[in-house]
Amino acid sequence: MIKDPKASAASSASLSVLDERITDCFACPRLVAWREEVARTKRASFRDQDYWGRPIPGFGPADAEIGILGLAPAAHGGNRTGRIFTGDRSGDVLFAALYRAGLANQPTSVAADDGLTINNTRIFASVRCAPPDNKPTPEERDTCAPWLHRELQLIRPALKVVVALGAFAWASWWPAVTAVYGTKAPVPRPKFGHGAEVHQDGLPVLLGCFHVSQQNTFTGRLTPAMLDDVFGRAKTLAGLA
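The rules behind each value
- Residues numbered from 1 in each chain as written.
- Predicted model: local features only at pLDDT ≥ 70, side-chain atom pairs only at ≥ 80, totals over all residues.
- Heavy atoms only, no water.
- 1 Å grid on protein atoms, 1.4 Å probe; cavity = no way out; pocket = protein on both sides within 12 Å on 5 of 7 lines; lining within 4 Å.
- Points joined across faces, edges and corners; volume = space filled by probe spheres on them.
- Helix = DSSP H or I, 4+ residues; strand = E, 2+ residues; numbered from the N terminus.
- Nonpolar A, V, L, I, M, F, W, Y, C, P; charged D, E, K, R; others polar.
- Pairing = 2+ DSSP bridges.
- Contact = heavy atoms within 4.5 Å.
- Axes fitted to C-alpha atoms, helices over the stretch in contact; angles between N-to-C directions.
- Expected span 1.5 Å × (residues − 1).
- Bend = angle between axes of the 7 residues up to and from the residue.
- Salt bridge = Lys/Arg side-chain N within 4 Å of Asp/Glu carboxyl O.
- Buried < 20%, exposed > 50% of the residue type's maximum accessible area, 1.4 Å probe, protein only.
- Phe/Tyr/Trp six-rings, centres within 6.5 Å; stacked < 30°, edge-to-face > 60°.
- Core = buried A, V, L, I, M, F, W, Y, C linked by side-chain atoms within 4.5 Å.

Novice: Even after reading the chapter, I still don't get the layout of surface pockets, so can you show me in this structure?
Specialist: A probe as big as a water molecule, rolled over the atoms, marks out the empty space that is left. Computed from the structure, the largest pocket encloses a volume of approximately 820 Å³. Ala74, Ser90, Asn134, His211 and Ser213 are, among the 31 residues lining the largest pocket, the residues nearest its centre. Looking at the lining of the largest pocket, the elements with two or more residues in it are helix 5 (89-100), helix 7 (167-181) and helix 8 (214-217). The class makeup of the residues in the lining of the largest pocket is 13 nonpolar, 12 polar and six charged.

Novice: Please explain the sheet that holds strand 1 (residues 66-70) as it appears in this structure.
Specialist: Backbone hydrogen bonds hold the strands of a sheet together, and the pairing may be parallel or antiparallel. Taken in spatial order, the five strands of this open sheet run 2-1-3-5-4, and their pairing is mixed. Of all the strands in the sheet, just strand 2 (121-125) and strand 4 (197-198) have a single pairing partner and so form its edges. Strand direction decides the pairing type here: strand 1 and strand 2, joined by five bridges, are parallel. Bridged to Gly67 within strand 2 is Arg122. Of the strands in this sheet, strand 1, strand 3 (161-165), strand 4 and strand 5 (205-209) touch helix 7, which is tilted by about 160° from strand 5.

Novice: How do you make sense of helix 7 when you look at a structure like this?
Specialist: For an α-helix, 3.6 residues make a turn, and residues three or four places apart therefore share a direction. In this model helix 7 runs 21 Å from its N-terminal to its C-terminal C-alpha over 15 residues, within 8% of the 21 Å that 1.5 Å per residue would give. Taking the largest bend as the criterion, helix 7 deviates by roughly 35°, centred on Pro175. Against the buried residues of helix 7 lie strand 1, helix 6 (138-155), strand 3, strand 4 and strand 5. Gly182 sits one or two residues past helix 7 and shows a positive phi near 65°.

Novice: Explanation requested: the pattern of salt bridges in the structure shown.
Specialist: Side chains that differ in sign of charge can pair as their charged atoms come close. Within this structure, the stated rule accounts for eight salt bridges. Taking the shortest distance from any N to any O, the salt bridge between Arg122 and Glu151 comes out at 2.6 Å. Of the two residues, Arg122 sits in strand 2 while Glu151 sits in helix 6, which places them 29 residues apart along the sequence. For the pair Arg122 and Glu151, one class covers both residues: buried. One continuous salt-bridge network, built from bridges that share partners, spans Asp19, Arg122, Arg128 and Glu151.

Novice: Can you walk me through the packing of aromatic side chains in this structure?
Specialist: Aromatic ring pairs are defined here through the distance separating the ring centres and the angle between the ring planes. Taken as a whole and judged by the stated rule, the model has four aromatic pairs. When the centroid spacing of 6.0 Å and the interplanar angle of 85° are considered together, the rings of Trp170 and Trp174 count as edge-to-face. With Trp170 and Trp174 both in helix 7 and four residues apart, this pair spans about one turn of that helix. For the pair shown, Trp170 and Trp174 are each scored as buried. Arranged with centres 6.1 Å apart and planes meeting at 50°, the rings of Trp173 and Tyr181 form a pair that is tilted. Tyr181 sits in the buried class, given a relative accessible area of 10%. Through successive ring pairs, a cluster of aromatic residues spans Trp170, Trp174, Phe192 and Phe210.

Novice: What exactly am I supposed to notice about the nonpolar core here?
Specialist: Note on soluble globular proteins: their nonpolar side chains tend to be buried together. Within the largest apolar cluster, 59 residues are counted, with the highest numbers of intra-cluster contacts made by Ile68, Leu98, Ile123, Leu152, Val163, Trp173 and Phe231. Broken down by element, the residue count for this core peaks at eight residues, all from helix 7. With near-sequence residues (within four places) excluded, Leu98 lies in contact with Ile68, Leu103, Ala104, Ile123 and Phe231. Of all hydrophobic cores here, the second largest spans six residues; its members include Cys28, Leu31, Leu71 and Cys129.

Here it is as structure tokens:
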């Protein structure tokens, strides 16, 4: 039972060790209580399933050129299935786009054992537990940050582009600039926007993308074509196109 992410993350010598430790984190009482309550009560349509109910590690190869940074797992998605963006509508949209871009072997992500693999890409969240109302507090974000920072350190040699899904992920990137790369973040901070790009010497290019949430995809604020443009651009920046 880990309650000090900073020490545990810093001493993780590999992604496999880091991923295992992430799943044993109990640092944020509110998030622990919520993820476990959701796992106990369940959604009616999933009442016969065993929920994961724990933090969610990253997904994808260690030598990925493209990183996708999200907000946090969904209560009945990743918190149920144990894999990020798996078993919810946001994941349906994201992995369909990655499949079209040639970065996934199938367009669906429904369970941790569904055969999905992704190439040249690793996906991770700013906060590793499902938060109430999809809204982690700033304190929870900061407590969880060492997991993100260590993950970025471990994949740093190959990483060329980070796609930030939404303003929360975009804001989570700036502390990593200092913690991982030893570089000062720009002042003032570049504004988040869909398709926005930030280039800093020695750092991956930061690429903004509206989050693949239902409130964006159902309203047409984020369309498949817009996602295709973002991942096409990410592939170009990463030298994959």
